[in-house]
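Notes for the structure review
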Amino acid sequence: MILVLIGPPGAGKGTQAKRLEDLRGLVQLSTGDMLRAAVAAGTELGRQAGDLMEHGQLVPDDLVIGLIAERLDANKDAKGFILDGFPRTIGQAEALDRLLETRGAQVDRTVVIDVDDDALVVRITGRFTCATCGEGYHDLFKKPKEEGTCDKCGGTEFKRRPDDTEEVVRSRLKAYHAQTEPLVGYYGGQDKVRTVNGMADIEAVQKEIDLALDAA
Ligand code: AP5
Ligand code: MG
Ligand code: ZN
């Protein structure tokens, strides 16, 4: 199964992708995570992407398409993939169709996580993750059970993303509406889109996604 998760910054793509990995044995491919790893490692790719990311702009299509092609090939035995934050432009969606076609696969389902812009700013500015295992948390909506300790791995260090300021979130939202939202029409034309209400709590969104995936 190839599942594409579409949603604005803070919609819950990463949160739901992690849960789907655990529940369905699919592999999450997050271009945002891959680019952040490249920035942290100081590679040439990271150098090209870092400045754009800090300003909330998309990085060039060819960079992320190359990353996805590598990961598809590195995980040949996977049961399927959850694409989190990719594709993000019509050009990326067309390139993905070509990549999958040569590998005998196709996008099976697209889930759009719908959230109001105002709620997203609260979600993003309250977000933090475990520095050891990457588990995601939120100051208000998902605190560790024991303050200062990761539920999943017991780690005690947490980090926040440099692009999670209110100002940068506004540019990321702009990029989403201008460049990524048209994908809903692209996949809708192929009858692959289900929209879920991302304003509900994390569990409820997960249930709605499950229903969307199991529906014929
Ligand atoms: P990327 O890393 O993909 O960021 P994004 O799309 O802006 O989305 P986020 O990761 O911020 O949000 P999310 O939907 O994963 O939400 P989360 O689950 O964390 O991209 C970053 C940058 O990289 C881009 O700006 C661009 O520069 C570049 N890039 C990446 N991919 C690219 C591509 N394909 N092409 C070009 N450039 C690319 O949830 C957010 C918070 O809310 C968390 O704290 C969570 O606990 C909480 N939360 C989640 N769900 C709920 C809920 N239902 N109720 C309450 N709280 C919730
Ligand atoms: Mg994410
Ligand atoms: Zn952890």
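For the structure, check the block above.
Residues numbered from 1 in each chain as written. Chains lettered and ligands numbered in written order. Predicted model: local features only at pLDDT ≥ 70, side-chain atom pairs only at ≥ 80, totals over all residues. Heavy atoms only, no water.

Some remarks on a nonpolar patch on the surface
A cluster of nonpolar side chains, Val122, Leu140 and Phe141, forms an exposed patch at the surface whose accessible area comes to about 310 Å². Mapping Val122 onto the fold places it in helix α6 (residues 117-125). (Patch = residues over 30% accessible without salt bridge, like charges linked within 9 Å, V, L, I, M, F, W, Y side chains within 5 Å. Areas by Shrake-Rupley, 256 points an atom, 1.4 Å probe, with all protein chains shown as cover. Salt bridge = Lys/Arg side-chain N within 4 Å of Asp/Glu carboxyl O. Helix = DSSP H or I, 4+ residues; strand = E, 2+ residues; numbered from the N terminus.)

So, the packing of aromatic side chains
Summed over all chains, the structure comprises 4 aromatic pairs. Both rings, one in Phe128 and one in Tyr137, keep their centres 5.7 Å apart while their planes meet at 25°; by these two values the pair is stacked. On the basis of an interplanar angle of 80° and a centroid distance of 5.9 Å, the ring pair of Tyr137 and Phe158 is categorised as edge-to-face. With Tyr137 in strand β6 (residues 136-138) and Phe158 in strand β7 (residues 158-159), this residue pair connects regions lying 21 residues apart in the sequence. On the basis of relative accessible area, Tyr137 is assigned to the buried category, the value being 3%. Chaining the aromatic ring pairs together yields one cluster made of Phe128, Tyr137 and Phe158. (Phe/Tyr/Trp six-rings, centres within 6.5 Å; stacked < 30°, edge-to-face > 60°. Buried < 20%, exposed > 50% of the residue type's maximum accessible area, 1.4 Å probe, protein only.)

Side note on the site of ligand 1
In the neighbourhood of ligand 1, 35 residues make up the surrounding shell, with Thr15, Gln57, Arg88, Arg127 and Arg172 lying closest. Residue Arg127 places a side-chain N or O atom 2.7 Å away from an oxygen atom belonging to ligand 1. The fraction of the free accessible surface of ligand 1 (1000 Å²) that becomes covered by protein chains is 95%. Mapped onto the shell around ligand 1, the elements with two or more residues apiece are α1 (13-24), α2 (31-41), α6, β6 and α9 (202-214). (Near = heavy atom within 4 Å. Polar contact = N/O pair within 3.5 Å; in protein donor to acceptor, adjacent residues only side chain to side chain.)

Some remarks on the coordination of the zinc ion (ligand 3)
On the protein side, the zinc ion (ligand 3) has Cys130 (SG), Cys133 (SG), Cys150 (SG) and Cys153 (SG) as donor atoms, found 2.3 to 2.4 Å from it. With 4 donor atoms in place around the zinc ion (ligand 3) and angles of 101 to 113° between them, the coordination shape is tetrahedral. Here the donor residues of the zinc ion (ligand 3) share one chain and are spaced in sequence as C-x2-C-x16-C-x2-C. One end of the pair, Cys133, is in the loop between β5 (127-130) and β6; the other, Cys153, is in the loop between β6 and β7, and 20 residues separate them in sequence. (Donors = N, O, S within 2.8 Å, 3.2 Å for Na, K, Ca; no water. Tetrahedral: all angles 85-135°; square planar, octahedral: opposite > 155°, others 65-115°.)

A closer look at the sheet that holds β7
Here 3 strands make up an open sheet; going across it, the order is β6-β5-β7 and the pairing antiparallel. Looking at strand neighbours, the two that pair on one side only are β6 and β7, the edges of this open sheet. Examined bridge by bridge, β5 and β7 share 2 bridges and lie antiparallel to one another. What sits directly across from Cys130, in β7, is Phe158. (Pairing = 2+ DSSP bridges.)

What to know about the pattern of salt bridges
Applying the stated criterion to the full structure yields 15 salt bridges. Here Asp214 makes a salt bridge to Arg24, at a shortest N to O gap of 3.3 Å. With a gap of 190 residues between them, Asp214 in helix α9 and Arg24 in helix α1 connect regions that are remote in the sequence. For the salt bridge of Arg170 with Glu166, the shortest nitrogen-to-oxygen distance reads 2.9 Å. Of this pair, Arg170 and Glu166 both sit in helix α7 (residues 166-180), 4 residues apart, which is roughly one turn of the helix. Sharing partners across several salt bridges, the network here consists of Arg127, Arg161, Asp163, Asp164 and Arg172.

Bear in mind that shape data such as this cannot, by itself, settle questions of function.
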